[in-house]
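Breakdown of the fold
Take a look at the letters that make up each chain.
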Amino acid sequence: MESNSVSDESPAISVRNVTKTFRRPKAAHGVNALDGVSFDIRANSFVSIVGPSGCGKTTLLRMLNGLIRPDSGDVLVDGAVPTPGPHMGFVFQSFRLMPWRTIRSNVAFTLEVHGVGAKECAEKADYYLNMVGLRRFAHSYPAELSGGMKQCAALARALIGQPRYLLMDEPLANLDAQTSEFMQIELMKIWRKHRGVVVLVTHSVDEAVLLSDQIILMNPRPGRVAEILDVKLPHPRWSYDARATPEFIAMRAYLWSRIKRMVASDPESEFYLRDEAIVGETAAIQG
Amino acid sequence: MATGNIQSGGILGGAAGQGGRTSRLQLGTLHAATFLLFLVVWWILSITVGHGFLPSPQDTAKAAVKMFGDGSLEAATLQSFFSLFCGFLLAVIVAIPVGMAMGGIAIVGAVLNPYVDALSSMPRIAFLPLIIVFLGLGYEAKIFMVFLGAVMPILINTYAGVRHSDGELIEMARSAGAGDADIFRKIVLPGALPHIMTGLRVGASLALINTVVAELYTAVSGLGGLLSIYGNSFRMAPYFVIVAILAGMGMLLMYGIRLIEKRVMRWRIERS
Ligand SMILES: Nc1ncnc2c1ncn2[C@@H]1O[C@H](COP(=O)(O)OP(=O)(O)OP(=O)(O)O)[C@@H](O)[C@H]1O
Ligand SMILES: [Mg+2]
């Protein structure tokens, strides 16, 4: 991730009043996935998007990647309409590995479609497989790997393009608690080393607070930005017990209570009014 | 027809049901035992029904030896194989690109689909008079009949395979910056391969059937021709030799396709 030509003042990513409605052929009403979403992301920052299921997090990431366009509003990356490519690494919610290719060949895919020769592809793929701890599985097929290993391979495939923007959609959600903690540290290290912008969608409030400079909290139906929070914990956060700091604990509790309230008051959520106590308690916290 | 089970072992594990895989030796023994059983049943049937209607295995074997001796069998087998091979190859050459085009380009699929539906449900034998008028009674007509039998299953399965390609993988490729050509070559086609192989398998068996049908109804030749000659004169032992050879050809064909399948879909096989 080379350094940005854009100055630190101007945002690396700028999202302005974005709306997106998905229409189904037969349905009368479309799904209003995003409604008037605005935020800025600074250069070289690590940003998490947090919010209940269905609040448009994935939709937003796909927009930042240039895979879909907003119905209205603007998404600008480096001041321009984003286009997909290796400079935008995308780690999907599902692994999306090609079952017919070996892990190495899956990882090399990003380079391969840009005309990089076979030898260089293999060398680079091995380098990034090494980074995510999968060197020994270069010749295995995806079906032979565990879920966590597959997600690491998908991460390597995104990193191999040396992206200046790394978009990750719940990359650690499918991992067990231990592996995901190790991967969190790994992610922090990779980011500290290569810099660039990381946008991480996550369900885990802990993960968001631990990793990010900024947290974008969203609420569902329609997807809107509820709040943007700065996390002021000093970097590098693996060098001390960040989870034990009062800032971490306070922020974690605050985010959690907001999300609980969102879910419990969402008529379309399966937890709607499930627990009056939650609604009452969170309302009390909110004041 | 669209989804085939690739692993020959089946999804429920070994024959003995202990959840493990049947070993090569076990399988060989089972094959030998079932074949022996088949011969015994055949032999008992031939005794009860009478040799005039059903030749015994020994009579059939004797007839086979004699027929191989005079060379007529080799010539007929070659003739049949020639029609089968050319017709099937032609079907593959036509069906796979057309199926891909139909699946890959929506408008092509929409336009051609009614014709595909109409043609695939029509008995091929209905075309025979037409074929004879245009192509005569020679090998051209036979090859075309074989082609007609095989082309539809291959086409339909290729079409289905391309259409049901994995949208998530396509999006992944797009996000990596892949162009349409790369997406088709590297995502859609490999994804369609299991379907295409199923099409080839179904197509091959229909090709063999149509080889015999064509030989029976056009200028009598090949194995189908011998079948009708021996059948009409009630020479049941040589008749059965032909039947056995046809069965063998079918097995060989399927074996060949399975070999191709193993090569191009190594990832599917190695999983189990
Ligand atoms: N391609 C699509 N077609 C129709 N509706 C869609 C499509 N993509 C998303 N939606 C709808 O838009 C809303 C937001 O979806 P999105 O996938 O962005 O949510 P999310 O925040 O990523 O949820 P989760 O946390 O469960 O992954 C949902 O209600 C979803 O049903
Ligand atoms: Mg999502």
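See the structure shown above.
What counts, and at which threshold
- Residues numbered from 1 in each chain as written.
- Chains lettered and ligands numbered in written order.
- Predicted model: local features only at pLDDT ≥ 70, side-chain atom pairs only at ≥ 80, totals over all residues.
- Heavy atoms only, no water.
- Helix = DSSP H or I, 4+ residues; strand = E, 2+ residues; numbered from the N terminus.
- Rg over C-alpha atoms; globule rule 2.2 N^0.38 Å.
- Contact = heavy atoms within 4.5 Å.
- Salt bridge = Lys/Arg side-chain N within 4 Å of Asp/Glu carboxyl O.
- Buried < 20%, exposed > 50% of the residue type's maximum accessible area, 1.4 Å probe, protein only.
- Core = buried A, V, L, I, M, F, W, Y, C linked by side-chain atoms within 4.5 Å.
- Buried area = accessible area lost by both parts, 1.4 Å probe.
- Polar contact = N/O pair within 3.5 Å; in protein donor to acceptor, adjacent residues only side chain to side chain.
- Nonpolar A, V, L, I, M, F, W, Y, C, P; charged D, E, K, R; others polar.

Counting secondary structure elements, chain A contains eight helices and nine strands. Radius of gyration (C-alpha) of chain A: 19 Å, near the 19 Å computed for a compact globule of 287 residues. Principal-axis analysis of the C-alpha atoms gives chain A an extent of 60 × 50 × 45 Å. In chain A, of all internal contacts separated by at least 6 residues, the share reaching a separation of at least 24 is 68%.

Let's shift gears to the pattern of salt bridges. Scanning the entire structure with this criterion turns up 21 salt bridges over all chains. Between Arg 164 of chain A and Asp 78 of chain A there is a salt bridge; the shortest N-O distance is 2.9 Å. With a gap of 86 residues between them, Arg 164 of chain A in the loop between helix H4 (147-159) and strand S6 (165-169) and Asp 78 of chain A in the loop between strand S4 (72-77) and strand S5 (88-91) connect regions that are remote in the sequence. Look at Asp 78 of chain A and you get partly exposed, because its relative accessible area is 25%. Connected through salt bridges with shared partners, the residues Arg 62 and Arg 96 of chain A together with Glu 168 and Glu 171 of chain B form a single ionic network.

Once that is clear, we can look at unusual backbone geometry. The phi torsion of most residues other than glycine is negative, and most of the peptide bonds are trans. All names here are of chain A. The amide bond that connects Arg 221 to the next residue, Pro 222, takes the cis arrangement and shows omega of -5°. Inspection of the secondary structure assignment puts Pro 222 in the loop between strand S8 (214-219) and strand S9 (224-230). Residue Pro 236 is bonded to the preceding His 235 through a cis peptide linkage, with omega at -15°. Structurally, Pro 236 is set in the loop between S9 and helix H7 (246-264).

Okay, the nonpolar core next. Among soluble globular proteins, nonpolar side chains are generally buried collectively. Ranked by size, the top nonpolar core spans 89 residues in total, and within it Ile 13 and Val 199 of chain A together with Ile 187 and Ile 242 of chain B carry the most contacts. Broken down by element, the residue count for this core peaks at 12 residues, all from helix H8 (residues 180-217) of chain B. By size, the runner-up hydrophobic cluster in this structure holds 54 residues, among which are Leu 129, Leu 155, Leu 166 and Leu 172 of chain A.

With 19 residues of chain B at the contact, the number on the chain A side is 25 residues. Across the chain B to chain A interface the summed buried area is about 1,900 Å²; carbon plus sulfur atoms make up 64%. Taken together, the links from chain B to chain A amount to four salt bridges. Glu 171 of chain B is the salt-bridge partner of Arg 96 of chain A, the closest N and O atoms lying 2.7 Å from each other. Taken together, the links from chain B to chain A amount to seven residue pairs in polar contact (both at pLDDT 80 or more). Elements supplying a minimum of two residues to the side of chain B that touches chain A: helix H7 (167-175), H8 and helix H11 (266-269) of chain B. Among the elements that take part in the side of chain B that touches chain A, H7 of chain B stands out by supplying seven residues, more than any other. Its residues assigned to classes, the side of chain B that touches chain A comprises eight nonpolar, three polar and eight charged.

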